[in-house]
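Examining the three-dimensional arrangement
Take a look at the letters that make up each chain.
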Amino acid sequence: MRTPRTATAAAVAVAALALAVGGCSSSGGKSSEDKGSAPASGGKAVSTPRLKIAMVTHSGEGDTFWDIVQSGAKQAAAKDNVDFLYSSNKEGQQQAQLVQAAIDQKVDGIVVTLAKPEAVKDVVKKAVAAGIPVVTINSGADYSKAVGALGHIGQDEEVAGEAVGDELTGGKKKVLCVLHEQGNVSLEQRCAGVKKTFRGSVENLNVDGTNTPASTSSIEAKLQSAKDIDAVVTLGAPMAAAAVQAKGDADSSAEVDTFDLNAAVIKQFKAGQIGFAVDQQPYLQGYLAVDELWLHQTNGDVIGGGRPVLTGPAIVTEKDVPTLEKYTARGTR
């Protein structure tokens with residue numbers, strides 16, 4: 001695994017500390033018993049007052065990325081004596097309604113994604129005005145400060161895209177960048193980053209990430225009509241499988257590369273079906289977000305001093321499989 005040279009320095013020490021103190025069960029005081037599903041230190045939960053923290057994301061159905069985010073958040077919640085509430089909707093207006101529901105429940109903190117900031121920003125500002133601290137994660141870093149969030153945790157999406165462009169330059173000539181959710185600013189930034197650094201042509205293709213068969217057909221049709229495409233970049237791990245199948249159905253020789261990891265991507269590495277992946281450590285995003293809200297409520301802390309805390313990107317190849325396989329199998333990478 002290697003960190004792209006274009007990536008800004010992140011709060012590595014903070015992340016290491018957070019993971020070191022994690023590892024307790026969701027019972028709020030018992031030692032962890034499920035050591036196969038998440039890291040465990042064998043410690044006890046904190047003795048601070050019980051808090052209620054809501055996480056509201058733009059996840060669509062079947063996106064395993066958000067399972068990993070939740071895994072990290074739940075681990076921090078167990079350690080921090082937090083009642084963790086999760087909800088999601090891929091549509092901006094519905095996501096805004098879920099944030100409002102969290103406000104109505106008088107939660108002690110909100111973790112939110114800003115994939116569609118125009119639809120969500122006003123209600124996030126409303127939460128802040130009501131005295132509820134907010135941390136943004138994963139998407140919409142450029143909007144985090146404007147809505148009043150304590151900070152943002154995730155990768156710089158354009159930098160991540162630039163890393164992909166650098167990785168493909170020299171060996172490839174034409175890239176198909178597959179966007180699986182229209183209107184998601186983070187996905188648009190990824191493709192824009194690829195275009196910025198890739199010394200060849202880049203074409204975007206919009207598909208419906210919640211409809212895998214239709215997405216597969218769209219990618220296949222594009223590969224059949226444009227035989228000069230020699231690389232397909234998907235922006236989420238579930239889409240990588242669709243691209244691999246589409247490549248086979250289209251009898252294409254294009255290399256498939258992807259953002260994000262899951263157990264399926266590791267298997268695809270082992271089968272030689274994927275060239276590389278971009279890892280933004282979603283487990284860490286969920287863990288640090290909950291931990292920051294707990295630290296802020298109990299000690300007035302702000303991780304990163306309000307600046308974005310980067311969890312990626314890192315380029316992962318088949319060489320990293322021996323290290324990552326056990327973590328993806330348990331749903332933490």
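Here we look at the environment of Lys 106
Its location among the elements puts Lys 106 in the loop between helix 3 (92-104) and strand 3 (109-112). C-alpha separation for the pair Lys 106 and Ile 132, spaced 26 residues apart in sequence, amounts to 8.0 Å.

A closer look at the environment of Gln 95
Relative to the elements of secondary structure, Gln 95 occurs in helix 3. Along the primary structure Gln 95 and Thr 57 are separated by 38 residues, whereas in three dimensions their C-alpha atoms are 7.0 Å apart. Residues within four places of Gln 95 in sequence aside, it is in contact with Val 56, Thr 57, His 58, Asn 89, Val 112, Thr 113 and Val 120.

Thoughts on the state of the cysteines
Two cysteines form a disulfide when their sulfur atoms are joined by a covalent bond. All told, the structure shown has 1 disulfide when counted by the stated rule. Shown here is the disulfide that connects Cys 177 with Cys 191, its sulfur atoms set 2.1 Å apart. Negative torsions about the S-S bond denote left-handed disulfides, and the value of about -90° found for Cys 177 with Cys 191 makes this one left-handed. Taken together, the positions of Cys 177 in strand 6 (residues 174-179) and Cys 191 in helix 7 (residues 185-197) put the pair 14 residues apart, joining distant regions of the chain. There is no split in this pair, since Cys 177 and Cys 191 are both buried.

Considerations on the confidence of the model for the protein
Atom-level detail of predicted coordinates should not be read off regions where pLDDT is low. Mean pLDDT over the protein stands at 89; residues scoring 70 or higher make up 88%. Segment residues 6-37: pLDDT under 50, and 63 contacts once partners within four positions in sequence are set aside and those in other chains are kept.

Here's the deal with the packing of aromatic side chains
Tallying each qualifying case throughout the model produces 2 aromatic pairs. Between Phe 65 and Trp 66, the aromatic rings sit 5.0 Å apart at their centres with planes inclined by 75°, giving edge-to-face as the arrangement. Judged by its relative accessible area of 5%, Phe 65 is buried. According to the relative accessible area criterion, Trp 66 is buried, its value standing at 3%.

Digging into the pairing of strand 9 (residues 255-259)
When you tally the buried positions in strand 9, you get 4 out of 5 residues, the bulk of the element. As paired elements, strand 8 (residues 231-234) and strand 9 share 4 bridges and run parallel to each other. Bridged to Ala 231 within strand 9 is Glu 255. The parallel pair strand 8 and strand 9 is bridged by helix 9 (residues 237-249), and the resulting crossover is right-handed. Here strand 9 pairs with strand 10 (residues 277-279) via 2 bridges, running parallel. The residue of strand 10 that forms the bridge with Phe 259 is Val 278. Since strand 9 and strand 10 lie parallel, the crossover through helix 10 (residues 263-270) that links them has a hand, and here it is right-handed.

Quick look at the sheet that holds strand 2 (residues 82-88)
Ordered in space as 2-1-3-4-5-11, the 6 strands form an open sheet in which the pairing is parallel. Pairing within the sheet leaves two strands with one partner each, and these edge strands are strand 2 and strand 11 (309-310). Inspection of the sheet shows strand 1 (residues 51-57) paired to strand 2 by 7 bridges, in the parallel sense. Looking across to strand 2, one finds that Thr 57 is bridged to Ser 88.

Things to note about the nonpolar core
Grouped together as the largest cluster of nonpolar side chains are 28 residues, with contacts concentrated most on Ile 219, Val 232 and Phe 269. Breaking this core down by element, the ones donating at least two residues are strand 6, helix 8 (212-225), helix 9, helix 10 and helix 12 (321-329). With 7 residues, the top contributor of residues to this core is helix 9. Aside from chain neighbours lying at most four places away, what touches Ile 219 is Leu 176, Val 178, Leu 205, Ala 242, Ala 243 and Ala 246. With 27 residues, the next largest nonpolar core counts Phe 65, Ala 76, Val 111 and Leu 150 among its residues.

Let's talk about the sheet that holds strand 10
Ordered by their spatial adjacency, 6 strands build an open sheet running 7-6-8-9-10-12, and the pairing between neighbours is mixed. At either end of the open sheet lies a strand with only one pairing partner, and these are strand 7 (201-206) and strand 12 (314-316). Adjacent strand axes in the sheet meet at a mean angle of 25° when their direction is disregarded. In terms of strand pairing, strand 10 meets strand 12 through 3 bridges, oriented antiparallel. Following the sheet pairing, Asp 279 is matched in strand 12 by Ala 314. Where helix 9 meets the sheet, it contacts strand 8 and strand 9, and its direction lies at approximately 170° from that of strand 9.

The rules behind each value
Residues numbered from 1 in each chain as written. Predicted model: local features only at pLDDT ≥ 70, side-chain atom pairs only at ≥ 80, totals over all residues. Heavy atoms only, no water. Helix = DSSP H or I, 4+ residues; strand = E, 2+ residues; numbered from the N terminus. Contact = heavy atoms within 4.5 Å. Disulfide = S-S within 2.5 Å. Buried < 20%, exposed > 50% of the residue type's maximum accessible area, 1.4 Å probe, protein only. pLDDT = per-residue confidence, 0-100. Phe/Tyr/Trp six-rings, centres within 6.5 Å; stacked < 30°, edge-to-face > 60°. Pairing = 2+ DSSP bridges. Right-handed = clockwise from strand over helix to strand, strands pointing away. Core = buried A, V, L, I, M, F, W, Y, C linked by side-chain atoms within 4.5 Å. Axes fitted to C-alpha atoms, helices over the stretch in contact; angles between N-to-C directions.

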